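Summary of the model geometry
Here's the letter readout for the chains.
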Amino acid sequence: MKISVFYDHIREAAEQSGQSMDEVFQKAVSFGIKGIEIEDKVLMEEEEKIFKLLQDHDMEVSCIYGFFDYSHGNDLQRGFDLIDFAEDHSIKKIMIIPGFLTDKEWKISFLRNRCVKKMITSLNILSKYAKDNRIQMVLEDFDDAPAYYKDAAGLKFFLAHVDGLKCAFDTGNFLYSEEDSFEVLPEFLGKIGHVHCKDRTFEVKKGETPKATVKGREMYSSPVGSGCIQMKEIVEKILASGYDDYFAIEHFGSCQQLQDIETSAAWLNQFKTGGCIDD
């Protein structure tokens, strides 16, 4: 098991605490964190600065993610560019979020099917190119209404129709669709290529903007292992399945990122020795 954290969290931690990026990176390393999750546009725009921070602290990019609009177009060049960039910098995983549907497209079946087909076609082309360059492409259960792959059924559809695509299992995003992450996990075991460790809570957190589920329940961020998701059982089952790569700490919206990063990393570090922890 290796632990990573979203670059945005490190940047927010620096802003919230008044510390430098270098200081927060140093603390992340002391917490046992080895990698960062980062959006493609951010990494490419701040390439020199970010790779220097990574080199100085013996860290790496665990996964690059990017937002695309393959539901309405077929501009593959940016996808190819992302894969080339990853290959040039020895980054082994990318997550392409392939597009979203409008309300009208959701309601009219032939429009919805056309958008999904466009995304599937583009992802198949890019997945093959990624594989040829020894890069794994993954897709997560993205927690937003316009995403066809926001729930287990939609994500499974993409995994079944895109050759070589693997699941980035996001432990907290299924809750957006009012699904139980632990209950749907067996459907994805053996197909997991990456893990986002996101816990959530329904307890109100002052100063934080909540995200509502499809039933209107308001979710707040939580350090990993401290919220309402069955994180212990999920991590144990994923490790038992043979996956032993990056588990990425994720808690967007936190008003105390540095403290939450430390708490999340400490909780995950308990799995490194024996693969399980006591209750």
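Relevant structure appears above.
Criteria and cut-off values
- Residues numbered from 1 in each chain as written.
- Predicted model: local features only at pLDDT ≥ 70, side-chain atom pairs only at ≥ 80, totals over all residues.
- Heavy atoms only, no water.
- Pairing = 2+ DSSP bridges.
- Helix = DSSP H or I, 4+ residues; strand = E, 2+ residues; numbered from the N terminus.
- Axes fitted to C-alpha atoms, helices over the stretch in contact; angles between N-to-C directions.
- Phe/Tyr/Trp six-rings, centres within 6.5 Å; stacked < 30°, edge-to-face > 60°.
- Buried < 20%, exposed > 50% of the residue type's maximum accessible area, 1.4 Å probe, protein only.
- Right-handed = clockwise from strand over helix to strand, strands pointing away.
- Parallel < 35°, antiparallel > 145°, perpendicular 65-115°, else oblique.
- Left-handed = near helix turned anticlockwise from the far one by under 90°.
- Contact = heavy atoms within 4.5 Å.
- Nonpolar A, V, L, I, M, F, W, Y, C, P; charged D, E, K, R; others polar.
- Core = buried A, V, L, I, M, F, W, Y, C linked by side-chain atoms within 4.5 Å.
- Arc of directions from axis to C-beta.

1. Some words on the sheet that holds strand β11 (residues 246-249)
Each strand in a sheet pairs with its neighbour through backbone hydrogen bonds, running either in the same direction (parallel) or in the opposite one (antiparallel). Pairing is parallel around the closed barrel formed by eight strands, whose spatial order is β1-β2-β3-β4-β5-β6-β7-β11. Across the sheet, the axes of successive neighbouring strands diverge by a mean angle of 30 degrees, strand direction being ignored. In this sheet, strand β6 (residues 166-170) lies alongside strand β5 (residues 136-140) in parallel orientation, the contact comprising three bridges. Bridge assignment links Val-138 to a residue of β6, and that residue is Lys-166.

2. Re the packing of aromatic side chains
Throughout the structure, instances matching the rule amount to 19 aromatic pairs. Judged by centre distance (6.5 Å) and plane angle (50 degrees), the ring pair of Tyr-7 and Phe-25 falls under tilted. Linking Tyr-7 in helix α1 (residues 7-17) with Phe-25 in helix α2 (residues 21-30), this pair joins segments that are 18 residues apart in sequence. Exposure remark for Tyr-7: the relative accessible area of 0% places this residue in the buried category. Judged by relative accessible area, which is 0%, Phe-25 ranks as buried. Note on Phe-157 and Phe-158: the rings are 6.4 Å apart at their centroids and 70 degrees apart in plane angle, and the pair reads as edge-to-face.

3. Description of the pairing of β5
Moving residue by residue along a regular strand, the side chains alternate between the two faces of the sheet. By the criterion of burial, β5 is predominantly enclosed, with four of the five residues buried. Bridge analysis of strand β4 (residues 93-97) against β5 gives three bridges, and the strand direction is parallel. Its bridge partner lying in β5, Lys-93 is registered against Gln-136. At this point the chain moves from β5, through helix α8 (residues 152-161), to the parallel β6, and the crossover so formed is right-handed.

4. Examining the packing of α1 against α2
Two elements in contact, α1 and α2, have axes whose closest approach is 9 Å; the angle formed by their N-to-C orientations is 120 degrees. Comparing their axes, α2 and α1 come out oblique. The handedness of the crossing between α1 and α2 is right-handed. Taken together, the residues of α2 that come into contact with α1 (itself represented by Tyr-7, Ile-10, Arg-11, Ala-13 and Ala-14) are Met-21, Val-24 and Phe-25. Partitioning the contact of α1 with α2 into residue classes produces seven nonpolar, no polar and one charged.

5. Quick look at the side chain of His-9
Locating His-9 in the fold gives a position in helix α1. Every residue in contact with His-9, bar those within four places of it in the chain, is listed here: Ile-249, Glu-250, His-251, Phe-252, Gln-257 and Ile-261.

6. With respect to the nonpolar core
Across soluble globular proteins, nonpolar side chains have a tendency to be buried as a group. Within the largest apolar cluster, 91 residues are counted, with the highest numbers of intra-cluster contacts made by Ile-33, Ile-36, Phe-158, Phe-169 and Phe-188. If you tally residues by element for this core, the top one is helix α7 (residues 109-132), at seven residues. If we skip the residues at most four places from it in the chain, Ile-33 touches Ile-3, Ser-4, Val-5, Ala-28, Met-59, Ile-249, Ile-261 and Ala-265.

7. Some thoughts on α2
Listing the buried residues of α2 in full gives Met-21, Val-24, Phe-25 and Ala-28. Axial view of α2: buried residues confined to an arc of 100 degrees, hence all on one face. As for α2, its buried residues are in contact with α1, β2 (35-39), α4 (47-56) and α11 (257-269).

8. Topic: the packing of α7 against α8
Relative orientation of the contacting elements α7 and α8 amounts to 45 degrees, with a least axis distance of 10 Å. Put simply, α7 runs oblique to α8. Classified by chirality, the crossing of α8 by α7 is right-handed. Of the residues in α8, those touching α7 at Val-116, Met-119, Ile-120, Leu-123 and Asn-124 are Phe-157, Phe-158 and His-161. Taken together, the residues that form the contact of α7 with α8 break down as six nonpolar, two polar and no charged.

Everything listed here is a matter of geometry and, on its own, says nothing about what the molecule does.
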